[in-house]
Amino acid sequence: MTDDDSVSEKNISQGFHQSVGSFWKDHEHEDLDINIDDETVRCHSFVLASCSGFFRTRLRTIAKEQLEMKVDLQNIPLSIFQLILKTLYTGCELLTKDNVLEVWSAVHQLQIQFLIQHCEDYISENISTDSLVNYKKQADSLQSKKVSEIIFNYMLKNFMSFRKTEAFLRLDYEDVLKLVQSDSLVVTFEDLVLHSVWEWIKFEDVSIAAAQSDNESTLTTSSRDTSLTEVIEHATNIKDFSKDIADINVLVGDTKEIKETAEESQSNDVPKGSLTQTSAIPSLSQKDGAPSASNQCQENQRSVHLLPLLKATRYFLLSEPCVANLYQTELIQNNVNSIKFLFEILAYKPRVNINSYLPSAAIHRECSQLENMGVVCYDVNELAAYSFAKDKLFRFPKSTELTVFKLTVLNNHIFGCVNYGSGSKVFSLQNQKWVQILKLQKEIKIFLAHESNIYIIASKKSTVYRYTPSLTNYKIDIDIGAVDFALSFYQKIILFKTIDLTTSVRSWDTDKNTLSDLGDLDLSATNMTSFCDDRATYILDGVGRLYEVKQFETIQFIFIDRLWSLRAHELKGAALYGKALFVCGKFSEKGDHKEKVPEVFSSLRLLETLNAEFTSNFIPCAILKSDLNAE
């Protein structure tokens, strides 16, 4: 269609509306009475029936039953109906910020689809933090999925400002949960999500606040819930917190590290009032008969939602001070399950990415500068990262080129080892460059992150080294024998050795430095990988046999299923991203694989390159997006 055609059609449309509008003003041939607000409006049945599904249905009934040509309208103000009529006859604009909700409700009742669309478009273009609540309420009432989705996306994209408004505090639990869970939530600092949840939980209804103000109570600092960062600012509280954790055998690291993290978070321009900032939690004083803090907790109906909302956050991305601060609050201290959950966060956080453990709570949001990826070396010396979310391979800069044999990740830092001749070197990836941190006179067979260390098992005589970033003594005095595969399993390392298609399995308690026999398995450990989810550890061999590793009185291996009939010539690694299992390796062209194993994963993706080979193992890690180039 040419521009001239568009102008011509526009002129015709304008001319038609002008003619119909003039005809309407003359009040000729009006055949339908609309009774509304004790007044009668005369109009043309043809115009209303052609535009409104409501009038079309009513007029059919009137014609069929030969009734009087009149319709009673309820729930629509006369002024709004007259405005709608004027728009139908003349095509004039009818919407303003003041009337859009009434017009939207009216045209929805009258089933005028093109005006419903017009109202939805107008609202979508005029959403703000001030109008959002009323627009959302109307969209929910009219079941407008389109507007509800646009409003929700607005809340996601503008969360940093929206979270500070009363509109956010008045959201329903389901809406807050949906926001917190979304990958598309735009937030500069994950701690702010937890802080927003906390503020929503604390929010009191206006009527309750008004009733309390009658008692002329004043806001002061309570004896217990004084400061959100007291646990960081005062050494006694830090010690108490660490002691509480130690009493239930949960490891969280030393308090010095926690305090340093707090100081770092405070220097990162974190807004005042965050759970990582020093800010008093308002609570009513005990004078003038004001309720106690415990009574407030009991009266707070939202407190039942605290634990589900905590579990919906990316809690493995929270700073330790933020978690420690939350632990000190009254609501948490009164809830055993919440306390247990916070301990689990601090206990399991160091295990993220170890043994390909990538829980949903550790996955970075779309807005983050980091992205969870699978890192691998290919074409001998090139380092690449596979984006689980984008299904795309990215290259690291040339400065990272190194003939890496094995990769591992510790505290989200990538380490690699290189074998050469009769020796080996260990490197740390720092600022897009490999920095040598260790040199050995033996080749490396096993390179494994476990707890806060990297365990290195040499090829000859199975000499064991333990690299700890803060220590210089590496060698461990233990004879573990030959090893083909090893995996981290809670406080132990499980060792596998295959002889004549039978694999002997042993458990190594690295704290006690003792070995225990676990029996034999009918599989080969020479081509094996492992991965974890929130509930279990798994091993997978080259013919696709999947086992769950379980801790009963002893460690046991439970067969789950066979995942494929093809042949995996090399397994480089595996990782669960959400409920999708990614297995990296080299596979034969013939054969099928299972699409899902419901209790473990919902989809299976086999990763391999067409023009190059993976030359190292495949490990999950959070990578700076700016460090990568797209393939």
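Cut-offs and rules
Along each chain, residue indices are assigned from 1 in the same order as the chain's sequence is written. Side-chain atom pairs in this predicted model are given and counted only at pLDDT of 80 or more, local residue features only at pLDDT of at least 70, and totals for whole chains, interfaces and linings cover all residues. Calculation of side-chain values draws on the structure's entire complement of heavy atoms; hydrogens and water are dropped beforehand. Paired strands, as defined in this entry, are two strands with at least two bridges between them according to DSSP. In DSSP terms, a helix is any run of H or I states spanning at least four residues, a strand is any run of E spanning at least two, and both are numbered starting from the N terminus. Structural elements are reduced to axes, namely lines fitted to C-alpha atoms, with helices fitted over the stretch in contact, and the angle between N-to-C directions of any two is expressed from 0 to 180 degrees. Under the pairing criterion, centres of Phe, Tyr and Trp rings, with the six-membered ring standing for Trp, must be within 6.5 Å; the plane angle then separates stacked pairs below 30 degrees from edge-to-face pairs above 60, leaving the rest tilted. Only protein chains enter the accessibility calculation, which uses a 1.4 Å probe. A residue is then buried if its area is under 20% of the maximum for its type, exposed if over 50%, and partly exposed in between. Charge over a ring is defined by NZ of Lys or CZ of Arg lying within 6 Å of the ring centre and within 35 degrees of the ring normal.

### Regarding the sheet that holds strand E13 (residues 444–450)
- With antiparallel pairing, four strands are arranged side by side in an open sheet as E13-E14-E15-E16. In the strand order of this sheet, the two ends are held by E13 and strand E16 (475–476), each with one partner.
- Where strand E15 (residues 464–467) meets E16, two bridges bridge the pair, whose relative direction is antiparallel. Each residue of the ladder has a partner; that of Val464, found in E16, is Ile476.

### What about the sheet that holds strand E17 (residues 485–489)?
- Spatial strand order, E17-E18-E19-E20: four strands in an open sheet with antiparallel pairing. Each having just a single partner strand, E17 and strand E20 (514–521) make up the two edges of the open sheet. With strand direction ignored, the average angle separating the axes of adjacent strands in the sheet is 25°.
- When strand E18 (residues 492–499) meets strand E19 (residues 502–509), the two strands line up antiparallel, connected through eight bridges. Among the inter-strand pairings, Ile499 is bridged to a residue of E19, identified as Thr502.

### Here's the deal with the packing of aromatic side chains
- Taken as a whole, this structure holds 21 aromatic pairs when the rule is applied.
- When the ring of Phe162 is compared with that of Phe168, the centres are 5.8 Å apart and the planes differ by 80°; the resulting orientation is edge-to-face. Per residue, the accessibility class of Phe162 equals that of Phe168, and both read buried.
- Ring geometry for Phe489 and Tyr490: centres 4.8 Å apart, planes at 75°, overall edge-to-face.
- Look at Phe489 and you get buried, because its relative accessible area is 2%.
- Through successive ring pairs, a cluster of aromatic residues spans Tyr386, Phe388, Tyr577, Phe582 and Phe618.
- Against the face of Phe152 rests Lys178, its NZ or CZ located 4.4 Å from the ring centre.

### A closer look at the pairing of E19
- Most of E19 is tucked away, with six of its eight residues classed as buried.
- Taking the residues that link successive antiparallel strands as the turn, the E18-E19 hairpin has two residues, and the phi of Asp500 there is positive, at about 55°.
- Sheet topology places E19 next to E20; seven bridges connect them, and they run antiparallel. Residue pairing for E20: Arg506 is matched across the bridge by Asp517.

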